[in-house]
Amino acid sequence: MADSVADYLASAPEAGRGWLREFWAYVDAHYPTVPLVMFRGVPMYKFEDSYLKGYVMFTAAKTHFATHAIDFDLVSEYRARIPGAAGGKGNVAVKYPNVAAQPLLKEFVDAVMARHEVPRV
């Protein structure tokens, strides 16, 4: 398990590091009020005192990148909208070659943030 964002990035597959940097930069730029904290060895943007009240998290696996949120209806909606997307109840996962999915994944992040009334800059 990683102890820091840098440790997590270093342990991520090379194919996923650019995706992680891209999405962390996106959230940092547009939602600066949401801190990036470590949660069970993974960096997470947590809105409240508990992850059960809302979060966005990004993970990099060997073959795919995943965007996670507790907003299961939005997860399901965006998984259906993104060609080739997969994932479980709480995430939208895409294979690394599917860079065309990035704008919709960012839209998903925006939808989660809007639902939780996180101001966008």
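Refer to the structure above for everything that follows.
Everything numeric in this text was worked out from a predicted model, so none of it was measured. Starting afresh in each chain, residues are numbered from 1 along the sequence in its written order. This being a predicted model, a pLDDT of at least 70 is required before a residue's local features are given, and a value of 80 or more before pairs of side-chain atoms are given or counted; all residues contribute to the totals for chains, interfaces and linings. Side-chain calculation: all heavy atoms of the structure are included, whereas hydrogens and water are not.

**Q** Can you walk me through the packing of helix α2 (residues 14-30) against helix α4 (residues 102-115) in this structure?
**A** Two packed helices can be described by the angle between their axes and the distance between those axes. Between the N-to-C directions of two axes lies an angle of 0 to 180 degrees, each axis being a line fitted to C-alpha atoms and, for a helix, fitted only over the stretch in contact. Helix and strand assignments come from DSSP, with helices taken as H or I runs of at least 4 residues and strands as E runs of at least 2, each series counted from the N terminus. Packing of α2 against α4 brings their axes to within 11 Å, and their N-to-C directions diverge by 40 degrees. Relative to α4, α2 is oriented so that their crossing is right-handed. Contacts from Trp19, Glu22, Phe23, Tyr26 and Val27 in α2 reach Gln102, Leu105, Lys106, Val109, Asp110 and Met113 in α4. Polarity classes work like this: nonpolar for Ala, Val, Leu, Ile, Met, Phe, Trp, Tyr, Cys and Pro, charged for Asp, Glu, Lys and Arg, and polar for all others, with Gly in that last group. Classifying every residue of the contact of α2 with α4 by side-chain character gives seven nonpolar, one polar and three charged. Crossing handedness is defined as follows: a turn of the near helix away from the far one that is anticlockwise and smaller than a right angle gives a left-handed crossing, while the clockwise case is right-handed. Residue contacts are counted whenever heavy atoms from the two residues lie within 4.5 Å of one another.

**Q** Before we go on, may I ask you to explain the sheet that holds strand β5 (residues 91-95) in this structure?
**A** Paired through their backbone hydrogen bonds, the strands of a sheet run either parallel or antiparallel. Strands are treated as partners if at least two bridges between them are detected by DSSP. If you walk across this open sheet you meet the five strands as β1-β2-β3-β4-β5, and the pairing is antiparallel. The sheet is open, and its two edges are formed by β1 (36-39) and β5, each paired on a single side. Looking at each pair of strands side by side, their axes are set apart by 25 degrees on average, direction ignored. The sheet contact formed by β1 and strand β2 (residues 42-46) spans four bridges and is antiparallel.

**Q** Before we go on, may I ask you to explain unusual backbone geometry in this structure?
**A** Trans peptide bonds make up the majority, and among non-glycine residues the majority have a negative phi. One non-glycine residue with positive phi stands out, namely Arg40, at about 50 degrees. Here Arg40 is to be found in the loop between β1 and β2. Positive phi outside glycine occurs at Glu117, with the angle close to 55 degrees. Relative to the helices and strands, Glu117 resides in the segment after α4.

**Q** Explain the pairing of strand β3 (residues 55-60) here, please?
**A** Exposure categories follow from relative accessible area, calculated using a 1.4 Å probe and restricted to protein chains: below 20% of the type maximum is buried, above 50% is exposed, and the middle band is partly exposed. Across the six residues of β3, six count as buried, placing the element largely inside the fold. The two faces of β3 match: Tyr55, Met57 and Thr59 on one face and Val56, Phe58 and Ala60 on the other face are all buried. Where β2 lies against β3, three bridges are found, and the strand directions are antiparallel. For Tyr45, the partnering residue across the bridge sits in β3 and is Val56. Relative to strand β4 (residues 64-69), β3 runs antiparallel, the two being bridged by five bridges.

**Q** Just to check I follow, could you spell out the pattern of salt bridges for this structure?
**A** Salt bridge, as used here, is a side-chain nitrogen of Lys or Arg placed within 4 Å of a carboxyl oxygen of Asp or Glu. The tally for this structure, following the rule as stated, stands at eight salt bridges. For the salt bridge of Arg17 with Glu14, the shortest nitrogen-to-oxygen distance reads 2.7 Å. Note that Arg17 and Glu14 are positioned in helix α2 at a spacing of three residues, about one turn of the helix.

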